[in-house]
Amino acid sequence: MSNKQKILVIISDQLRADCVVGALADHVSLPNLAVLREDGITFTNHFSVTNPCGPSRASIFTGRYAMNHRSIRNGTPMNEDIPNIAKEVRKSGYDPMLFGYTDTSLDPRVRHANDPDLKTEEGLMPGFREMLEMRFMESYPWRANLKSKGYDVPEYRDFYKSISPDDSRPARPDDPPFYSAEDSDTAFLTDSIIRDLSVRTDQNWFAVATYLRPHPPLVAPAPYNRMYNPSDLPKPSRLATRQDQAAVHPFMAGAINAPKMENLVKGCDGQIDGDNDNDVQMLRSIYLGLATEVDANIGRIVQFLKDSGQYDDTVIIFMADHGETLGDHHLWGKQNPYDVSYHIPLIIRDPHNPEQHGSIVDAFTESIDFMPTVLDMIGQSYPVGIDGFSLKPFLEGKTPDKWRKAVHLELDFGEPDSETEWQKSTGASTQDSNLAIWREKRFKLVHFNGGLPPLLFDLENDPGELKNLADDPKHDSTLLRLTRSLLNHRMGNADRTLAGVRITSEGPVAFAS
């Protein structure tokens, strides 16, 4: 083993954990992730601490809960002064490269009102070097690449529409888009990573690759568009009807329409119906096809690292930013309190601890553990305010003496400029439109702000979270215990950037700049 240290972080957008380990894993082919699991460590109880994309990535890259970084929704600016992984690894000599996007809304207090960075919610987190812009709302390099290859490039708003191969019928979601798999956004990102890293074989490097897929719009190039037979897939875990789901809680009455299944595809108006199980299964199959496309491209990167002699010098971290409901509970997207929206895959290959390869860790881990883990692996101290913990002991085959017995998750569901479906159904103000989750091995509490009733699930007897026990007197003590645990956790993890410092006549005490 050489003393070279390279770090590759791969983030798949909106990938459920059970595609890798769990209910859907037997129905989707992810052979390259399977090999990576054999060559690394799989964390089977890993959770994103918040969603959607912007907040979840803010937590990943800062190591902070949403309640502390406060970039709580897509488009909410993040405080410029908060330390992040890119700024921190620069202290160890790394030039952090980004292939893709961080979905960071930038601080307007330190930019002029005319700065174009304040015209997009998909800004670049300070500290990263943007090697390739692959932002969902822009993607100019990909568009230029397709044009250079002779494609008749449509308006960007039409990029993710499926194209009917038969002029006699309208497009269906499982028809392919206008580009081939070799030229897809996923393939183009992979091409760029391989090209740029091919001239860095003699360097230590830190690279983050963020794939949009299997994030909607749900359209996939051949062969991934029809790789899986919809009728072979398990049906969603759900109550009998959408009306039953809406009756679970005032929040759910809005969630049914936020978003609707029909909103996850483009160019197929009138072709699908959220109440039609055949259509539901078709979209689930396309999602799995997109996951397989990401897996195939991860395989290309791993093979490149092996061929270029870098594999045994490279730490590889694979994860998702958050999950996807995928029809469970009659819901789509991720902005809801169910496990499928928060439970995400995490695989870490540490070439320095080969004796642990192929092992599984079932301890609770959170997405905020990413930053302290990376800093610990490169021998760097953490900035003040980190909420997560290093996973390095697990990579070395050790279990820390004290480790979390539950995970803390959050969601903000209001908007400052327009009322959301959840706000309409709950009557919550923007400030009160939030929830916090305390999820233990058996019981799970969803606490809503604004005086809304809680949800309580017994995951041991109801893993699908289909029966709310919050109104059952037999569980009053459990509800109280979990509520107290949640409150204690939030009080104990309130932002403490300067809380441990005291100004004295001799100057600041316990202050680290």
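Quick summary incoming for the structure in this document. Because the structure is a prediction, the values reported are computed rather than measured. (Residues numbered from 1 in each chain as written. Predicted model: local features only at pLDDT ≥ 70, side-chain atom pairs only at ≥ 80, totals over all residues. Heavy atoms only, no water.)

## Describing the side chain of D321
Counted only if it meets this: Numbering of helices and strands starts at the N terminus; helices are DSSP runs of H or I of at least 4 residues and strands are runs of E of at least 2. In this scheme, a residue with accessible area under 20% of its type's maximum is buried, one over 50% is exposed, and one in between is partly exposed, where area comes from a 1.4 Å probe on protein chains only. Two N or O atoms count as a polar contact when they lie within 3.5 Å, although within protein this holds only if one can serve as hydrogen donor and the other as acceptor, and sequence-adjacent residues are included solely when both atoms are side-chain atoms.
Topologically, D321 is positioned in the loop between strand 7 (314–320) and helix 10 (339–342). The buried category is assigned to D321, whose relative accessible area is 0%. A polar side-chain atom of D321 sits 2.9 Å from the main-chain amide nitrogen of Q14.

## Some details on the pattern of salt bridges
Side chains carrying opposite charge are able to pair once their charged atoms draw close together. Put simply, the rule is: For this analysis, a salt bridge means a side-chain nitrogen from Lys or Arg found within 4 Å of a carboxyl oxygen belonging to Asp or Glu.
One pass over the full model with this rule turns up 38 salt bridges. Between R129 and D95 there is a salt bridge, with its nearest N and O atoms 2.6 Å apart. Here R129 is found in strand 5 (residues 129–133), whereas its partner D95 is found in the loop between helix 4 (85–90) and strand 4 (97–100), with 34 residues between them in sequence. When its relative accessible area of 41% is taken as the criterion, R129 is described as partly exposed.

## Considering the pairing of strand 4
For clarity, the threshold we go by: Here, strands pair whenever DSSP counts at least two bridges between them.
Pairing of strand 4 with strand 6 (residues 206–214), which is carried by three bridges, proceeds in the parallel orientation. Counted as the bridge partner of M97 is A207 from strand 6. Pairing geometry for strand 4 and strand 5, over four bridges, is parallel. The partner of L98 across the bridge, within strand 5, is E130.

## Here's the deal with the sheet that holds strand 2 (residues 41–43)
For the record, the criterion: Under this scheme, a helix contributes an axis fitted over its contacting stretch, all axes are lines through C-alpha atoms, and angles between N-to-C directions fall in the 0 to 180 degree range. Residue contacts are counted whenever heavy atoms from the two residues lie within 4.5 Å of one another.
The eight strands lie next to each other as 5-4-6-1-7-8-2-9, forming an open sheet whose pairing is mixed. The sheet is open, and its two borders are formed by strand 5 and strand 9 (359–361), each paired with just one other strand. Strand-to-strand, the axes of this sheet are offset by a mean angle of 15°, without reference to chain direction. Against the sheet, helix 2 (residues 53–62) makes contact with strand 1 (6–13), strand 6 and strand 7, and its axis sits at roughly 160° relative to strand 1, the strand it touches most.

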